[in-house]
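For reference, the chains in residue letters:
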Amino acid sequence: GAGVSQSPSNKVTEKGKDVELRCDPISGHTALYWYRQRLGQGLEFLIYFQGNSAPDKSGLPSDRFSAERTGESVSTLTIQRTQQEDSAVYLCASSLDGGNTEAFFGQGTRLTVV
Amino acid sequence: AQSVTQLDSQVPVFEEAPVELRCNYSSSVSVYLFWYVQYPNQGLQLLLKYLSGSTLVKGINGFEAEFNKSQTSFHLRKPSVHISDTAEYFCAVRVSAGNKLTFGGGTRVLVKP
């Protein structure tokens, strides 16, 4: 596609439910990132996929968070048993590789846990 | 591990005045440096990047940044701002080995008429 696509754009869920957020990176991009942006705050790194290497999961805040990526295509971020503090915008980005190339961002998924 | 500090969380500035947004990083190895902008209700887009070579980097919309290795800084500047520059600006760093992109906390710029 022309850019990084994320779905849904908005998600309201009840506390305790599981949610899945989807990211379609730019075709051919081997690197994919997930970030969380709480209201009025900066970007918090969650997870990084680079080609066939083991993902860097060092930013996942708890074991309720997990992410998968199939090859060099779609990625899914799953949050289990959602809590109110999970409310944020979840941003996905992709880049041609993990080196000096620019990361392109999607519009994000705004998650609200009620 | 690398980290990024943006010293100013908010910068109010009058239209046509200059602005400087400060960014300092910490890393024990060589880095690539980026500035991203997030306009209201929009996604992040790249303003400029430093990879190597000249330490003064020019980006879009009249912005420029200077890499200072001894100061571990990458401050962003614009000589004359417009109302349309009202946005949040993020500094980011990636180590040259090709690792995750780490962001600073952001600086919110409010341009006043």
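Before reading on, note that the structure itself is shown above.
Rules and cut-offs
- Residue numbers run consecutively from 1 along every chain, following the written order of its sequence.
- Labels follow written order: the first chain is A, the first ligand is 1, and so on.
- Only residues with pLDDT of at least 70 get local features here, since the model is predicted, and only at 80 or more are side-chain atom pairs given and counted; chain-wide, interface and lining totals rely on the full set of residues.
- The side-chain quantities take in all heavy atoms of the structure and omit both hydrogens and water.
- In what follows, a disulfide is any cysteine sulfur pair within 2.5 Å.
- A helix here means a DSSP run of H or I that spans at least four residues, while a strand means a run of E at least two residues long, and both kinds are numbered starting from the N terminus.
- Contacts between residues were defined by any pair of non-hydrogen atoms, one from each residue, lying within 4.5 Å.
- The quantity reported as buried area is the accessible area (1.4 Å probe) lost by two parts once they are put together, taken as the sum for both.
- A 3.5 Å cut-off defines polar contacts: any pair of N or O atoms within that distance qualifies, except that in protein one atom must be a possible hydrogen donor and the other a possible acceptor, and neighbouring residues in sequence count only when both atoms are side-chain atoms.
- When accessible area is computed with a 1.4 Å probe and restricted to protein chains, residues below 20% of their type maximum are described as buried, those above 50% as exposed, and intermediate ones as partly exposed.
- Any Lys or Arg side-chain nitrogen located within 4 Å of an Asp or Glu carboxyl oxygen qualifies as a salt bridge.

Here we look at the state of the cysteines
All names here are of chain A. One pass over the full model with this rule turns up two disulfides over all chains. The residue that forms a disulfide with Cys-23 is Cys-92, at a sulfur-sulfur distance of 1.9 Å. Residues Cys-23 and Cys-92 share a disulfide whose torsion about the S-S bond is about -65°; that sign makes it left-handed. Placement of Cys-23 in strand E3 (residues 19-24) and of Cys-92 in strand E8 (residues 88-95) is noted, with a sequence separation of 69 residues between them.

Some thoughts on the interface of chain A and chain B
Tallying the contact residues gives 22 residues for chain A and 20 residues for chain B. Around 1600 Å² of area is buried between chain A and chain B when both sides are counted, 51% of it from carbon and sulfur atoms. Remark: the boundary between chain A and chain B carries seven residue pairs in polar contact (both at pLDDT 80 or more). Residue assignment for the side of chain A that touches chain B shows that the elements contributing at least two residues are strand E4 (31-37), strand E5 (43-50) and E8 of chain A.

Some points on the environment of Asp-18 of chain A
Residues and elements named next belong to chain A. Of note, Asp-18 is situated in the loop between strand E2 (10-13) and E3. Taking the relative accessible area as the measure of exposure, Asp-18 reaches 47% and is therefore partly exposed. Separated by 65 residues in the primary sequence, Asp-18 and Gln-83 place their C-alpha atoms 9.8 Å from one another. Excluding its chain neighbours within four sequence positions, the residues that come into contact with Asp-18 are Ile-79, Gln-80 and Arg-81.

Quick look at the pattern of salt bridges
Residue and element names in this part refer to chain B. Counted under the stated rule, the structure contains ten salt bridges over all chains. When the shortest N-O distance is used, the salt bridge between Glu-64 and Lys-58 registers 2.8 Å. Residue Lys-58 is classed as exposed on the basis of its relative accessible area of 62%. For Arg-77, the salt bridge is made with Glu-66, and the minimal N-O distance between the two is 3.7 Å. Here Arg-77, found in strand E9 (residues 73-78), pairs with Glu-66, found in strand E8 (residues 64-68); they are eleven residues apart in sequence, far enough to count as distant. Under the relative-accessibility criterion, Arg-77 is labelled partly exposed at 26%. Owing to a relative accessible area of 34%, Glu-66 belongs among the partly exposed residues under this scheme. Because the salt bridges share partners, they merge into one network encompassing Glu-20, Glu-66 and Arg-77.

So yeah, pure geometry; function would need other evidence.
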